[in-house]
Amino acid sequence: MASTGDDEPRAPGWVREHVEQIARTGTTDGVTVSGLPTVLMTYRGAKTGKVRKAPLMRVEHEGRYAAVASKGGAPTNPQWYTGLVAEPVIELQDGAAILGYRAREVFGDEKALWWRRAVDAYPDYADYQRKTDRQIPVFVLEPISGGTPAGDGTEG
């Protein structure tokens, strides 16, 4: 997925501030939530096809990442959830590195394993699950060979 195109920033508050800081500095380093590191996911909106960006808590294991659709424990999924279901090829920026990934929602034992990793990385996820009746979805982001390394002239 190209990280350029019809990019339409629309997120308010801290999300927009984080996206702008990453764009300004070229790295996710130092961009945190509650002092914990974040990564930046670039995906296409399911309805509009426009490029969207969402900071996520950094949950990484052996080169794969989790994307936890917590929305702070709200009763609905974040908007990026439908984007990943519709188009699972995304870009993820961790530090200055930007690579291509394929997202797949996980269930059962695999979800339980990644959920534990997510809660270990960001303990508030456990509180978010207690706040909502929905089961918070978890995606595993697996690298696509031939991803786009940072610094190749593309914009993030």
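Our subject is the structure that appears above.
Thresholds applied
Residues numbered from 1 in each chain as written. Predicted model: local features only at pLDDT ≥ 70, side-chain atom pairs only at ≥ 80, totals over all residues. Heavy atoms only, no water. Axes fitted to C-alpha atoms, helices over the stretch in contact; angles between N-to-C directions. Helix = DSSP H or I, 4+ residues; strand = E, 2+ residues; numbered from the N terminus. Contact = heavy atoms within 4.5 Å. Nonpolar A, V, L, I, M, F, W, Y, C, P; charged D, E, K, R; others polar. Phe/Tyr/Trp six-rings, centres within 6.5 Å; stacked < 30°, edge-to-face > 60°. Buried < 20%, exposed > 50% of the residue type's maximum accessible area, 1.4 Å probe, protein only. Lys NZ or Arg CZ within 6 Å of the ring centre and 35° of its normal. Salt bridge = Lys/Arg side-chain N within 4 Å of Asp/Glu carboxyl O.

*Asks:* Please clarify how the packing of helix H3 (residues 108-121) against helix H4 (residues 124-131) should be interpreted in this entry.
*Replies:* In a packed pair of helices, the relevant descriptors are the angle between the two axes and the axis-to-axis distance. Viewed as axis vectors pointing N to C, H3 and H4 meet at an angle of 115°, and their least axial separation amounts to 6 Å. For the pair formed by H3 and H4, the contact residues are Trp 115, Ala 118 and Val 119 on the first element and Tyr 125, Ala 126 and Gln 129 on the second. In terms of residue class, the contact of H3 with H4 is built from five nonpolar, one polar and no charged.

*Asks:* In this structure, what is going on with the packing of aromatic side chains? I would like to understand it.
*Replies:* Counted by the stated rule, this structure contains seven aromatic pairs. Here Trp 115 and Tyr 125 contribute two aromatic rings whose centre-to-centre distance is 6.1 Å and whose plane-to-plane angle is 45°, an arrangement assigned as tilted. With Trp 115 in helix H3 and Tyr 125 in helix H4, the pair connects residues that are 10 residues apart, well separated along the chain. Taken individually, Trp 115 and Tyr 125 each receive the classification buried, so the pair is uniform in this respect. Grouping aromatic residues by their ring pairs yields a cluster made of Trp 115, Tyr 122, Tyr 125 and Tyr 128. A cation sits over an aromatic face here: Arg 117 above Trp 114, 4.6 Å from the ring centre.

*Asks:* Can you help me understand the pattern of salt bridges in this one?
*Replies:* When their charged atoms lie close together, side chains carrying opposite charge are able to pair. Tallied over the entire structure, the rule returns six salt bridges. For Glu 20, the salt bridge identified is with Arg 16, shortest N-O distance 3.8 Å. Of this pair, Glu 20 and Arg 16 both sit in helix H1 (residues 13-25), four residues apart, roughly one helical turn. Overall, Glu 20 belongs to the partly exposed group, its relative accessible area being 42%.

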